[in-house]
Amino acid sequence: MTSPLLTLPLLLCLGQAPEATPTEPPLQARLSFQGLDADIDADGSATYFHAALEGHTPELASGLRAEATLSFFLSTPATQGIALQDFGSNVRLRYRPSGWESGEGLAVAVHPITTSRLYMGFTYPVTWERQAFPRRSGNESALELRLSRMHWDAFVALKSATVADDLLLESSRRYALLAGGFLDVTPELRLALKGTVLNRGQVPNVANQGVELHVPVKGASLGAVWHHGAPVGNNVDLALYQGDPTFFERFFLPETYPGGFAASVSLEGSLVSQGLVDPEAGYPQRSTQTGGAGALEARVKQGFWRAHALAYVRTLSFIQADVPGFPPYQAFRSDAETRAEVSGTLSSDYHLQDWGLTPGLLVRVTRPASLRNGPESPLLSDTTAVFQGPNLISILPAGEDPGLVVTVKATARWDLGAIAGVLAEVSYTHDPNRTLFEDDETGVSRPVLQPANAVGFNVLLQARF
């Protein structure tokens with residue numbers, strides 16, 4: 001069996017929570033503070049406080065253990081008081097039959113509030129369906145079943161939420177099915193597969209016309225990981241993992257530097273199709289829209305030096321898959337010009353063992369996704385919309401084309417033993433697609449290009465008990 005040290009980064013890469021080892025304390029707490037500002041010369045700075053508590057019991061019966069993870073954000077809203085936002089809390093029962101190896105067994109998990117730990121895809125920039133139902137009227141919960149053996153793993157999960165139905169003027173319960181697993185083909189090669197099927201519910205604007213039209217979704221993700229030698233941990237690139245519920249857990253996993261050469265390479269692809277409203281049909285009807293994404297990541301470690309490379313592509317329909325559509329619940333017009341997002345990142349760092357400090361440098365070049373509708377379209381017919389993420393849109397002035405976004409970061413990780421850690425990055429970004437709407441001389445609001453250069457920072461502090 002693969003050693004726990006090698007298995008841990010692979011399990012995180014493939015979306016599986018590692019099993020607690022008997023040497024861990026029964027309770028572990030983490031308090032994290034994050035402050036970030038992408039542009040120190042503009043509004044938009046933010047601070048976050050994250051608290052997490054993990055616990056596991058000794059054996060309740062022969063081979064049976066219970067685990068729980070409480071993970072949430074604390075924030076102060078506009079009104080008085082403190083708001084709590086769940087970040088993937090769950091409860092899990094594990095059973096290991098007599099004679100099975102450590103890490104093997106059956107697991108049943110309940111995700112009572114959010115389901116962001118159950119998702120499609122593997123590498124964070126190209127993951128999707130962390131939330132299956134955008135129009136839910138309450139919590140989105142899930143039940144997960146998993147069987148783990150020495151060289152393979154299989155799981156099935158059912159997400160559930162109460163979703164608004166504007167046709168019936170009531171809410172109905174919807175379900176999303178996810179299933180998959182992985183197979184160790186060799187001690188160094190792992191293959192993984194996931195699939196999903198769900199119905200997001202009734203299209204709201206069509207329901208107002210008295211027409212029943214739902215949004216069915218199907219998708220699959222395929223991934224492969226090859227590794228050699230000791231594990232190579234994550235680089236300090238905080239911007240890539242903001243929505244990942246394991247973000248505050250895995251970034252301070254201890255990195256080992258046993259010497260020698262180590263490397264890993266992962267490759268994945270996802271395909272999703274969903275039924276959206278055909279914007280060109282005279283009567284509301286469904287049009288199937290397909291989106292895709294892929295990612296290639298490589299990591300290398302030699303002594304105390306590490307290098308990371310990540311390249312990924314996301315079609316615009318994939319970026320908008322979970323929203324879904326643009327405008328909401330609509331497919332793109334047949335004459336629309338859409339362009340996929342393509343991004344490449346290179347980074348390198350060096351660990352100064354005596355100080356526990358790991359400084360590094362990162363460079364990223366991104367061609368953002370964009371949409372330009374045809375001249376017959378009533379929406380954005382003479383302008384280009386640039387998409388930085390789901391519904392994160394910049395409208396360019398008429399006649400302007402999207403430009404490349406270049407980011408350079410100086411990064412640092414400082415490990416203060418087993419009780420605390422600091423991650424920090426200072427960034428320079430050249431983004432020629434930054435715009436704001438301003439009134440022209442006739443009083444009409446139009447997009448105006450803003451300064452392309454920005455300097456920002458991102459700091460994460462964590463204490464562990």
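Values in this document were obtained by computation on a predicted structure and should not be read as measured data.

**As for the confidence of the model for the chain**
- The pLDDT averaged across the chain works out to 89; a share of 92% of its residues lies at or above 70.
- pLDDT under 50 marks residues 1-22. Its contacts with residues more than four places away, or in other chains, come to 55 contacts.

**Some points on unusual backbone geometry**
- In this structure, the amide linkage connecting Val323 to the following residue, Pro324, adopts the cis form with an omega of -10°.
- Within the secondary structure, Pro324 sits in the loop between helix 4 (316-319) and strand 15 (337-339).
- Cis peptide bonds are those with omega within 30 degrees of zero, and the linkage from Phe326 to Pro327 qualifies with -10°.
- For Pro327, the location among the structural elements is in the loop between helix 4 and strand 15.
- Notably, Leu169 is not glycine yet its phi reads approximately 55°, a positive angle.
- Within the secondary structure layout, Leu169 lies in the loop between strand 8 (152-165) and strand 9 (170-186).
- The phi angle at Tyr329 is positive, at roughly 70°, despite the residue not being glycine.
- Under the relative-accessibility criterion, Tyr329 is labelled buried at 7%.

**Observations regarding the environment of Ser445**
- Looking at the secondary structure, you find Ser445 in strand 24 (residues 445-449).
- Excluding its chain neighbours within four sequence positions, the residues that come into contact with Ser445 are Phe437, Glu438 and Asp439.

**Let's talk about the sheet that holds strand 15**
- Strands sit in the order 15-18-19-20 across an open sheet of four strands; the sheet is antiparallel. Two strands lie at the open edges of the sheet, namely strand 15 and strand 20 (392-395), each paired on one side alone. Across the sheet, the mean angle from the axis of one strand to that of its neighbour is 20°, orientation sign disregarded.
- The pairing of strand 18 (residues 369-372) with strand 19 (residues 385-389) spans three bridges and is antiparallel. Bridge pairing in strand 19 links Ser370 to Val386.

**Some remarks on a nonpolar patch on the surface**
- A cluster of nonpolar side chains, Leu60, Val91, Leu93, Val108, Val110, Leu143, Leu145, Val156, Leu158, Tyr175, Leu177 and Val197, forms an exposed patch at the surface whose accessible area comes to about 970 Å².
- Put simply, the parts of the chain that give the nonpolar patch at least two residues each are strand 5 (90-95), strand 6 (105-111), strand 7 (141-148), strand 8 and strand 9.

**Things to note about the pairing of strand 9**
- Pairing of strand 8 with strand 9, which is carried by 14 bridges, proceeds in the antiparallel orientation. When the sheet's bridge partners are listed, Trp152 is paired in strand 9 with Leu183.
- Where strand 8 folds back onto strand 9 in an antiparallel hairpin, the turn is made up of four residues, including Leu169, whose phi is positive at roughly 55°.
- Alignment of strand 9 against strand 10 (residues 189-202), held across ten bridges, turns out to be antiparallel. Residue pairing for strand 10: Leu177 is matched across the bridge by Val197.
- Taking the residues that link successive antiparallel strands as the turn, the strand 9-strand 10 hairpin has two residues.

**Considering the environment of Ser89**
- Considering the arrangement of structural elements, one finds Ser89 in the loop between strand 4 (83-86) and strand 5.
- Under the relative-accessibility criterion, Ser89 is labelled buried at 6%.
- Sequence spacing of Ser89 and Asp322 is 233 residues, and the spatial spacing of their C-alpha atoms is 21 Å.
- Contact partners of Ser89, with chain neighbours within four places excluded, come to Thr69, Leu70, Ser71, Val110, His111 and Pro112.

**So, the nonpolar core**
- Counting 43 residues, the largest nonpolar core has Phe133, Val203, Phe247, Leu423 and Leu460 as its most contacted members.
- If one sorts the elements of this core by residue count, strand 8 sits on top with four residues.
- Sequence-distant contacts of Val203, defined by excluding residues within four places in its chain, comprise Leu213, Val215, Val277 and Tyr329.
- Leu316, Ile319, Ala369 and Ala385 belong to the second largest nonpolar core, which has ten residues in total.

**Quick notes on the side chain of Thr384**
- Tracing the backbone shows Thr384 in the loop between strand 18 and strand 19.
- In this structure Thr384 comes out as buried when scored by relative accessible area, which is 3%.

**Points about the pattern of salt bridges**
- If you walk through the whole model with that rule in mind, you get 24 salt bridges.
- Across the pair Asp184 and Arg190 runs a salt bridge, and its minimum N-O distance is 2.7 Å. Arg190 carries the same exposure label as Asp184, and that label is buried.
- Here Lys409 and Asp237 are joined by a salt bridge, their closest N and O atoms 2.9 Å apart. On the criterion of sequence distance, the pair formed by Lys409 in strand 21 (residues 405-416) and Asp237 in the loop between strand 11 (214-228) and helix 3 (247-250) is long-range, its members being 172 residues apart. Each of the two residues, Lys409 as well as Asp237, counts as buried.
- Salt bridges here are not isolated pairs; linked through shared partners, they connect Arg30, Glu54, Arg117 and Glu249.

Parameters and conventions
Residues numbered from 1 in each chain as written. Predicted model: local features only at pLDDT ≥ 70, side-chain atom pairs only at ≥ 80, totals over all residues. Heavy atoms only, no water. pLDDT = per-residue confidence, 0-100. Contact = heavy atoms within 4.5 Å. Helix = DSSP H or I, 4+ residues; strand = E, 2+ residues; numbered from the N terminus. Buried < 20%, exposed > 50% of the residue type's maximum accessible area, 1.4 Å probe, protein only. Pairing = 2+ DSSP bridges. Axes fitted to C-alpha atoms, helices over the stretch in contact; angles between N-to-C directions. Patch = residues over 30% accessible without salt bridge, like charges linked within 9 Å, V, L, I, M, F, W, Y side chains within 5 Å. Areas by Shrake-Rupley, 256 points an atom, 1.4 Å probe, with all protein chains shown as cover. Salt bridge = Lys/Arg side-chain N within 4 Å of Asp/Glu carboxyl O. Core = buried A, V, L, I, M, F, W, Y, C linked by side-chain atoms within 4.5 Å.

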